[in-house]
Amino acid sequence: MGVRRFPEGFVWGTATSSYQIEGGRDERGDCIWDTFCRLPGKVAEGHTGDVANDHYHRYREDIALMADLGMRAYRFSICWPRVLPSGSGRPSAVGLDFYDRLVDALLAANIDPYVTLYHWDLPTALQSLGGWAARDTAQRFADYAGVVAERLGDRVKHWITHNEPWVVAFLGNHLGVHAPGWEDLSLALQVAHHVLYSHGLAVPAIRAASPGSEVGITLNFSPAYPASDGPEDVAAARRHDGQANRWFMDPLYRGEYPEDMWDLYGYQVPRVADGDLEVIRRPIDFLGVNYYTRAVIRHRPGAYLDYETVRPAGEYTAMDWEVYPQALTDLLVRLHEDYAPGSLYITENGCAYEDTLTPDGQVHDPARTEYYRLHLNACLDAIEQGVPLDGYFSWSLMDNFEWAFGYTRRFGLVYVDFATQARTPKDSARYYASVARTSTIED
Ligand code: IFM
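Residues numbered from 1 in each chain as written. Predicted model: local features only at pLDDT ≥ 70, side-chain atom pairs only at ≥ 80, totals over all residues. Heavy atoms only, no water.

(A) Local environment of helix 9 (residues 185–209). For helix 9, which comprises 25 residues, the first-to-last C-alpha distance of 36 Å matches the rise-based estimate of 36 Å (1.5 Å per residue) to within 8%. Where helix 9 bends most, at Ala-202, the angle is about 25°, and the proline Pro-204 comes one to four residues later. (Helix = DSSP H or I, 4+ residues; strand = E, 2+ residues; numbered from the N terminus. Expected span 1.5 Å × (residues − 1). Bend = angle between axes of the 7 residues up to and from the residue.)

(B) Representation of the pattern of salt bridges within the structure. One pass over the full model with this rule turns up 38 salt bridges. In this structure, Arg-334 and Asp-338 form a salt bridge, with 3.1 Å as the shortest nitrogen-oxygen distance. You can see Arg-334 and its partner Asp-338 sitting in helix 13 (residues 326–339), four residues apart, about one turn around the helix. By relative accessible area, which is 24% here, Arg-334 ends up partly exposed. A relative accessible area of 36% places Asp-338 in the partly exposed class. A salt bridge links Asp-355 to Lys-426; its shortest N-O distance comes to 2.7 Å. Taken together, the residues span a long stretch of sequence, with Asp-355 in the loop between strand 11 (344–348) and helix 14 (366–384) and Lys-426 in the loop between strand 14 (422–425) and helix 15 (427–438) at a distance of 71 residues. Each member of the pair Asp-355 and Lys-426 is classed as buried. Salt bridges linked by common partners bring Arg-25, Arg-28, Asp-30, Asp-34, Arg-38 and Asp-50 together as one network. (Salt bridge = Lys/Arg side-chain N within 4 Å of Asp/Glu carboxyl O. Buried < 20%, exposed > 50% of the residue type's maximum accessible area, 1.4 Å probe, protein only.)

(C) Structural view of the site of the ligand. Around the ligand sit Gln-20, His-119, Trp-120, Asn-163, Glu-164, Tyr-292, Trp-321, Glu-348, Trp-395, Glu-402, Trp-403 and Phe-411, and that is every residue in its neighbourhood. His-119 is positioned such that a nitrogen or oxygen atom in its side chain is 2.8 Å from an oxygen atom of the ligand. Separating an oxygen atom of the ligand from a side-chain N or O atom of Trp-395 is a distance of 3.3 Å. Across the complex, the protein chains shield 94% of the 280 Å² of accessible surface that the ligand would expose by itself. Looking at side-chain class alone, the shell around the ligand contains six nonpolar, three polar and three charged residues. (Near = heavy atom within 4 Å. Polar contact = N/O pair within 3.5 Å; in protein donor to acceptor, adjacent residues only side chain to side chain. Areas by Shrake-Rupley, 256 points an atom, 1.4 Å probe, with all protein chains shown as cover. Nonpolar A, V, L, I, M, F, W, Y, C, P; charged D, E, K, R; others polar.)

Honestly, it's all geometry; don't read function into it.
Written out as structure tokens, the structure reads:
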């Protein structure tokens, strides 16, 4: 075993999002997940984010946990209807004060805040006006971004406009398994366009209110591998790459939608107004990369985009996602070669396993530790190939509300007993903390 070192200044952190951990339901406006969780059969066991990890009331304890783990950065999201209960108009002093206290407490603990502005909790008031399908929502988002940056921008120096626009658009509006729950491809494509457009509108609003800060966006990536060398499988993998990855990267970094996918979507393509793509491609400072697994793709006529995902033999997490660290290296190298973002961060990477609190009061999770060891080594492999990767945020600081899976999937470094809200760092938390403290890892 050899010891490998991360570059000087490499940022180490953990990540969460507002709806998944905050609770504090009575102190905010309604969001689309409040509605979605109450639709029968949509969320496991009828779980909701009403209480979640009660982070709204326990944030000081959670910051102490991060400090104990030696974290120097924390990625969290702002709940839009906590700041603007009806989506626009007069901000809530209570909501802004909460984030103000959170940021101050983080800085006092020497933890740098990385703030995501949209991690899926759209105000219900805006959904009733059409949500992301309505072009006007993009301008409302930029206004909201300006309000938050105005209040926190003297202390927050890293801003992420959106988390995973693919998920917002397709899981929420094509597959219907996330809020708002529609199943309509052309709607999903329009939503994707408006989300990207809102990102572009928000960039100058944030820069104006938070001078000297860095602004980026986080995408989820699904690296595609053909199931065979056959030309049909290779072409199918290219289509998967097109819908999952290029549909977002090409407009952001090239100012165009990928032609092959545009042709394939045919009459379902989104309405794009003159100048929209110039707005979307406004220069940003970094790209946030969320990576969990790869996709192995086989041609299958008649299926959506004429392909299916196959399940190769291998290690799988409790999400039934294959553990495949090589795809993280391949992805980072590919993004660097094809799009050349000036800086990249892993804004999410991690895994769910069936953790249990054992009689010794501990959570022994060797599979998660191994997942981190493999993926952090994959990051170093990419760095050694010239990728300007500047930091890594583990998903997640603690177990939390895993969307349609409710609380039945545990991604945390810290175990949460949701009946008592007791937090117990898992063995993997100690492992990750030791890597972060020394900025070295054994291969
Ligand atoms: O929990 C989610 C997170 O909200 C967004 N990225 C993927 C995670 C695991 O599914």
